[in-house]
Amino acid sequence: MADTPYAPSRIRALPSWLLGRAAARGHRLVADALAAEGMRMMHHAVLSAVAELGPVSQAELGRTLAIDPKDMVAIVNDLQQDGLVTRTPDPKDRRKNAVEISADGRRRLRRTQQLGDEANAELTAALTPAEREQLIALLTRIALPAG
């Protein structure tokens with residue numbers, strides 16, 4: 001953790017501090033991996049959501065991902081400009097745009113998903129496969145508590 005700022009030993013032992021450091025390292029690894037394909041993390045998240053939900057209205061996409069409408073317009077514009085999504089009038093409501101992943105978008109998404117998987121494998125390289133599964137289960141319980 002050479003790039004981690006100093007923290008007193010008491011703080012370094014806190015789950016919240018460790019989770020923050022792990023998240024920062026994971027974010028950096030994934031962001032760097034996606035950048036190799038010319039993709040930013042938010043664009044990858046939107047492209048993934050369009051692939052899973054599409055065709056979907058821009059407004060619904062923004063609400064689902066909790067992205068400000070102005071930011072969503074810019075992201076979808078970028079993805080459309082790169083030929084990764086199409087935007088057409090929604091047949092159910094012509095005042096809205098339906099966003100759908102293109103064939104190029106599916107190909108790019110497969111590559112970026114692979115790169116993301118490799119980055120996450122690097123993040124958890126010190127763990128056994130069983131420990132990785134356990135980590136995911138524990139983090140899920142912490143991040144998405146039943147309640």
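Just so we're clear, the structure is a prediction, and the values are computed from it rather than from any experiment.

Draft legend 1. View of the UniProt feature "domain: HTH marR-type" (unreviewed entry) in the chain. Mapped onto the present numbering, the UniProt feature "domain: HTH marR-type" (unreviewed entry) falls on residues 12-144. Overall, residues 12-144 shows 69% helix and 13% strand. The separation of its end C-alpha atoms is 24 Å.

Draft legend 2. View of the environment of R28. Within the secondary structure, R28 is located in helix α2 (residues 15-35). Distance from R28 to R63, taken between C-alpha atoms, is 26 Å for residues 35 residues apart in sequence.

Draft legend 3. Just the packing of helix α4 (residues 58-65) against helix α5 (residues 69-81), in detail. At a minimum axis separation of 10 Å, α4 and α5 run at an interaxial angle of 115°. In this view, α4 runs roughly perpendicular relative to α5, as classed from their interaxial angle. Considering only the axes of α4 and α5, their crossing is right-handed. Only M72, V73 and V76 of α5 make contact with α4, whose side of the interface consists of Q58, L61, G62 and L65. Partitioned by chemical class, the residues of the contact of α4 with α5 number five nonpolar, two polar and no charged.

Draft legend 4. Focus on helix α7 (residues 129-143). The terminal C-alpha atoms of α7, which comprises 15 residues, lie 21 Å apart, in line with the 21 Å expected from a rise of 1.5 Å per residue. Buried residues are scarce in α7, accounting for zero of its 15 residues.

Draft legend 5. Focus on the side chain of R87. Position of R87 relative to the elements: it lies in strand β2 (residues 85-90). For the buried R87, which has no salt bridge, the nearest side chain bearing the opposite charge is D78, at an N-O separation of 8.7 Å. Side-chain polar atoms of R87 contact the side chain of Q58, separated by 2.7 Å. Among the polar contacts made by the side chain of R87, one reaches the side chain of N77 at a distance of 2.3 Å.

Draft legend 6. Highlighting a nonpolar patch on the surface. The grouping of L19, L135, L139 and I142 at the surface amounts to a nonpolar patch, some 310 Å² of accessible area in total. Per-element accounting of the nonpolar patch gives the leading share, three residues, to α7. Within the secondary structure layout, L135 lies in helix α7.

Draft legend 7. Geometry of the sheet that holds strand β3 (residues 93-101). One open sheet accounts for three strands, arranged β1-β3-β2; its pairing is antiparallel. Of all strands in the sheet, those bounded by a partner on one side alone are β1 (56-57) and β2.

Draft legend 8. Main features of the pairing of β2. Alignment of β2 against β3, held across six bridges, turns out to be antiparallel. Counterpart to R87 in the pairing with β3 is V99.

Conventions adopted
Residues numbered from 1 in each chain as written. Predicted model: local features only at pLDDT ≥ 70, side-chain atom pairs only at ≥ 80, totals over all residues. Heavy atoms only, no water. UniProt positions renumbered as here; feature names shortened; annotations may be inferred. Helix = DSSP H or I, 4+ residues; strand = E, 2+ residues; numbered from the N terminus. Axes fitted to C-alpha atoms, helices over the stretch in contact; angles between N-to-C directions. Parallel < 35°, antiparallel > 145°, perpendicular 65-115°, else oblique. Left-handed = near helix turned anticlockwise from the far one by under 90°. Contact = heavy atoms within 4.5 Å. Nonpolar A, V, L, I, M, F, W, Y, C, P; charged D, E, K, R; others polar. Expected span 1.5 Å × (residues − 1). Buried < 20%, exposed > 50% of the residue type's maximum accessible area, 1.4 Å probe, protein only. Lys, Arg positive; Asp, Glu negative; His and termini not counted. Salt bridge = Lys/Arg side-chain N within 4 Å of Asp/Glu carboxyl O. Polar contact = N/O pair within 3.5 Å; in protein donor to acceptor, adjacent residues only side chain to side chain. Patch = residues over 30% accessible without salt bridge, like charges linked within 9 Å, V, L, I, M, F, W, Y side chains within 5 Å. Areas by Shrake-Rupley, 256 points an atom, 1.4 Å probe, with all protein chains shown as cover. Pairing = 2+ DSSP bridges.

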